[in-house]
Amino acid sequence: MTKFFTLIPAAGSGSRMSSELPKQYLYLDNKPMIYHSINTLYHNQLITSIFVVLAPDDCDWIKYDWSEFSSKLIALNCGGATRAESVLNGLTTAKQKGLIDTNDWILVHDAARPCLTAAQLEKLINELTHDEVGGLLAVPVSDTLKRSNIQDRVTHTEPRENLWQAQTPQMFRYELLIKALQNAEKLHFTDDASAIEALGFHPKLIQSDAYNFKVTYPRDLALAELIIQQRNNP
Ligand code: C5P
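Fair warning: this is a prediction, and the values are worked out from it, not measured in the lab.

What counts and what doesn't
- Residues numbered from 1 in each chain as written.
- Predicted model: local features only at pLDDT ≥ 70, side-chain atom pairs only at ≥ 80, totals over all residues.
- Heavy atoms only, no water.
- Helix = DSSP H or I, 4+ residues; strand = E, 2+ residues; numbered from the N terminus.
- Polar contact = N/O pair within 3.5 Å; in protein donor to acceptor, adjacent residues only side chain to side chain.
- Contact = heavy atoms within 4.5 Å.
- Salt bridge = Lys/Arg side-chain N within 4 Å of Asp/Glu carboxyl O.
- Axes fitted to C-alpha atoms, helices over the stretch in contact; angles between N-to-C directions.
- Parallel < 35°, antiparallel > 145°, perpendicular 65-115°, else oblique.
- Left-handed = near helix turned anticlockwise from the far one by under 90°.
- Nonpolar A, V, L, I, M, F, W, Y, C, P; charged D, E, K, R; others polar.
- Near = heavy atom within 4 Å.
- Areas by Shrake-Rupley, 256 points an atom, 1.4 Å probe, with all protein chains shown as cover.

Observations regarding the side chain of Asp110
Okay, step 1: Mapped onto the secondary structure, Asp110 falls in the loop between strand 6 (105-108) and helix 3 (118-128).
Okay, step 2: At 2.9 Å, the side chain of Asp110 and the side chain of Arg83 are in polar contact.
Okay, step 3: Residues in contact with Asp110, not counting those within four places in the same chain, are Ile8, Pro9, Ser37, Arg83, Thr168 and Lys214.

Here you go:
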């Protein structure tokens, strides 16, 4: 039977956060940011294991107690120089350990999207389980988009029709994802779907909402905290 696994690339330094501590460990509602994604993924009954891909020199992970997630949570110290390399290394290591099969579904989720909800996760899995390619959570663009020149002058307005903002999780079968990432090894794709597209496939967009945003700048952290606190104390 096909299984579902999640992989969280968490080997980035988060340079845009202007913080010494990698952003996945910054505190959000008294927990490291990555805790919140792990917690949502852990409580989905379909997910067999959660792989967290850490930088080889990560010395923060072991400072926290992860025992509430039992053996469903597996840390792999094999992160790479880019996000794509971290995902590729994580998949390769998990496969070498005999933990996943080629036909299994892999849901790749950024450590920096702590506001993912159980409902968004369920919707993604339900809508893609029988899909031939796989896909990703995404939000239709609502703002007017301007293209600029190097002086920050508008050159033209981009039509926003059919434009989406990609989010995670992104869900693909192991075999297709590993092939796509190996093919894209020298390219610096910022998400998994781009690597799949480079093979000529068309991932399906599953409509999500703006709450599942990526924490990138310091101001994002305060917003994520407000959202999580409100959910925890409705
Ligand atoms: O930097 P950015 O926010 O785009 O990173 C997205 C995700 O990829 C984060 O969870 C980050 O930890 C991860 N990443 C990684 N290995 C890298 C760079 C980023 O696992 N070399």
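Some details on the pattern of salt bridges
Okay, step 1: Counting across every chain of the model gives 6 salt bridges.
Okay, step 2: Across the pair Asp60 and Lys63 runs a salt bridge, and its minimum N-O distance is 2.9 Å.
Okay, step 3: Its salt-bridge partner being Asp110, residue Arg113 comes within 3.7 Å of it at the nearest N-O pair.
Okay, step 4: Ionic contacts of the salt-bridge type, sharing partners, join the residues Arg83, Asp110, Arg113 and Asp192 into one network.

A look at the packing of helix 2 (residues 83-96) against helix 4 (residues 174-183)
Okay, step 1: Between helix 2 and helix 4, whose axes approach to 10 Å, the crossing angle comes to 135 degrees. With respect to each other, helix 2 and helix 4 are oriented oblique. Note on packing geometry: the crossing formed by helix 2 with helix 4 is left-handed. Side by side, helix 2 and helix 4 meet where Ala84, Val87, Leu88, Leu91, Thr92 and Lys95 of the first sit next to Tyr174, Leu177, Ile178, Leu181 and Gln182 of the second.
Okay, step 2: Looking at the contact of helix 2 with helix 4, its residues break down into 8 nonpolar, 2 polar and 1 charged.

A closer look at the site of the ligand
Okay, step 1: Taken together, 16 residues form the shell around the ligand, and within it Pro9, Ala11, Lys23, Ser86 and Lys214 come nearest.
Okay, step 2: Bound to the protein, the ligand loses 85% of the 470 Å² it would expose on its own.
Okay, step 3: Elements represented by at least two residues in the shell around the ligand include exactly strand 1 (4-10) and helix 2.
Okay, step 4: Its residues placed into classes, the shell around the ligand shows 6 nonpolar, 5 polar and 5 charged.

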